[in-house]
Amino acid sequence: MPQPTILYDFNFKSQDDWNVENDTVMGGESDGLFEITEEGHGLFSGHVSLANDGGFTSILHTLDETVDVSGNRVFTARVQGDGKKYTFRVRGSEDQEYFHQADFPTTGEWETVTIPFADMKAVHHGEPVDVPNFAGGPVYEIQFLIANGQDEDFEIMLNNFCYGQE
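Q: Report on the environment of D95, specifying residues and quantitative values.
A: Take D95: it is sitting in the loop between strand 7 (85-91) and strand 8 (99-105). Note on D95: relative accessible area 64%, which makes it exposed. A sequence separation of 39 residues divides D95 from F134, and the C-alpha atoms of the two residues are 17 Å apart. Within the local environment of D95, its side chain forms a polar contact with the side chain of S93, the two groups lying 2.7 Å apart.

Written out as structure tokens, the structure is:
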């Protein structure tokens with residue numbers, strides 16, 4: 001079986017590669033932070049607040065070059081979460097108005113989470129979009145999001161994102 005292909009690896013990268021997007025853009029009060037640790041991991045942490053109709057925070061990265069993942073079936077991410085649920089999203093182009101996303105749980109240990117393309121539903125501002133689930137194709141942006149409908153502190157370490165056949 002072919003080895004997964006790295007989509008993004010945090011080692012030797014800059015935290016400037018990622019933008020934090022909090023619900024403050026819509027009046028909320030959540031506060032997400034992002035940094036690259038000395039060990040070369042991405043650390044996404046902070047507090048999700050439901051105040052003022054808030055409830056999410058995320059980190060977003062635009063790839064240096066769009067990657068075509070056609071012919072593959074899954075994304076994988078090496079993470080150490082905090083036992084909470086997170087969402088992984090991809091967008092195919094700058095002018096595509098929706099993301100494909102799927103949730104995944106974390107255990108608190110380092111683990112590789114697998115996100116089948118077929119499970120990634122299309123959404124626009126969190127609402128379903130009437131297009132098919134992700135079937136591969138171009139990936140222009142990747143995003144990690146936490147939005148569990150509750151006030152909570154969170155912390156997840158990210159090592160790399162891959163795509164492959166698994």
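So, next bit.
Q: How would you sum up the sheet that holds strand 11 (residues 127-128)? Please name residues and give values.
A: Strand order in the open sheet made by the 7 strands is 2-5-12-7-8-10-11, with antiparallel pairing throughout. Both outer strands of the open sheet, strand 2 (19-22) and strand 11, are each paired with one neighbouring strand and no more. Note: strand 5 (residues 57-68) against strand 12 (residues 138-146), 8 bridges, orientation antiparallel. Note that in strand 12 the partner of V67 across the bridge is V139.

Q: Describe the side chain of N72, and please don't skip the residues or the numbers.
A: Turning to its location among the elements, N72 is positioned in the loop between strand 5 and strand 6 (74-80). A distance of 3.2 Å separates a polar atom in the side chain of N72 from the backbone oxygen of V69. Not counting the four nearest positions on each side in its chain, N72 is found in contact with F117, Y163, G164 and Q165.

Q: Describe the nonpolar core, with residues and values.
A: Formed by 33 residues in total, the largest nonpolar core has its most connected members in F75, F88, F104, V139, I142 and F161. Sorting elements by how many residues they give to this core places strand 13 (residues 152-164) first, with 5 residues.

Q: A description of the packing of aromatic side chains should follow, citing residues and the corresponding values.
A: All chains considered together, the criterion is met by 19 aromatic pairs. Between the aromatic rings of Y8 and W18, the centroid separation amounts to 5.3 Å while the plane-to-plane angle is 90°, which identifies the pairing as edge-to-face. In this pair, Y8 is assigned in strand 1 (residues 5-9) and W18 in the loop between strand 1 and strand 2, connecting sequence segments 10 residues apart. Accessibility assignment for this pair places Y8 and W18 in one class, buried. Residues F75 and F117 carry aromatic rings whose centres are separated by 4.7 Å and whose planes lie at 45° to one another, so their mutual orientation is tilted.

Q: Please provide a residue-by-residue account of the pattern of salt bridges, values included.
A: Enumeration over the complete set of coordinates arrives at 3 salt bridges. Residue R91 pairs with E141 through a salt bridge whose shortest N-O separation is 2.8 Å. Of this pair, R91 sits in strand 7 while E141 sits in strand 12; the two residues are 50 residues apart in sequence, bridging distant segments of the chain.

Q: Residues and numbers for the layout of surface pockets, please.
A: The computed volume of the largest pocket comes to approximately 640 Å³. In terms of lining, the largest pocket is formed by 29 residues, of which the most central are F56, R89, H125, G126 and L145. Elements that contribute at least two residues to the lining of the largest pocket include exactly strand 2, strand 5, strand 7, strand 8, strand 10 (121-124) and strand 12. Its residues placed into classes, the lining of the largest pocket shows 10 nonpolar, 11 polar and 8 charged. Around the second largest pocket sit 13 residues that line it, and L7, Y8, K13, L63 and D64 are the ones nearest its centre. Taken together, the elements giving at least two residues each to the lining of the second largest pocket come down to strand 1 and strand 5.

Q: Would you mind going over the environment of K85 in detail, with residue names and values included?
A: As for its placement among the helices and strands, K85 is situated in strand 7. Residue classification places K85 among the partly exposed positions, given a relative accessible area of 38%. In the structure, K85 is positioned 63 residues away from N148 in sequence and 7.0 Å away in space, judged by C-alpha atoms. In contact with K85, not counting residues within four places along its chain, are D103, F104, P105, I146 and N148.

Conventions adopted
- Residues numbered from 1 in each chain as written.
- Predicted model: local features only at pLDDT ≥ 70, side-chain atom pairs only at ≥ 80, totals over all residues.
- Heavy atoms only, no water.
- Helix = DSSP H or I, 4+ residues; strand = E, 2+ residues; numbered from the N terminus.
- Buried < 20%, exposed > 50% of the residue type's maximum accessible area, 1.4 Å probe, protein only.
- Polar contact = N/O pair within 3.5 Å; in protein donor to acceptor, adjacent residues only side chain to side chain.
- Pairing = 2+ DSSP bridges.
- Contact = heavy atoms within 4.5 Å.
- Core = buried A, V, L, I, M, F, W, Y, C linked by side-chain atoms within 4.5 Å.
- Phe/Tyr/Trp six-rings, centres within 6.5 Å; stacked < 30°, edge-to-face > 60°.
- Salt bridge = Lys/Arg side-chain N within 4 Å of Asp/Glu carboxyl O.
- 1 Å grid on protein atoms, 1.4 Å probe; cavity = no way out; pocket = protein on both sides within 12 Å on 5 of 7 lines; lining within 4 Å.
- Points joined across faces, edges and corners; volume = space filled by probe spheres on them.
- Nonpolar A, V, L, I, M, F, W, Y, C, P; charged D, E, K, R; others polar.

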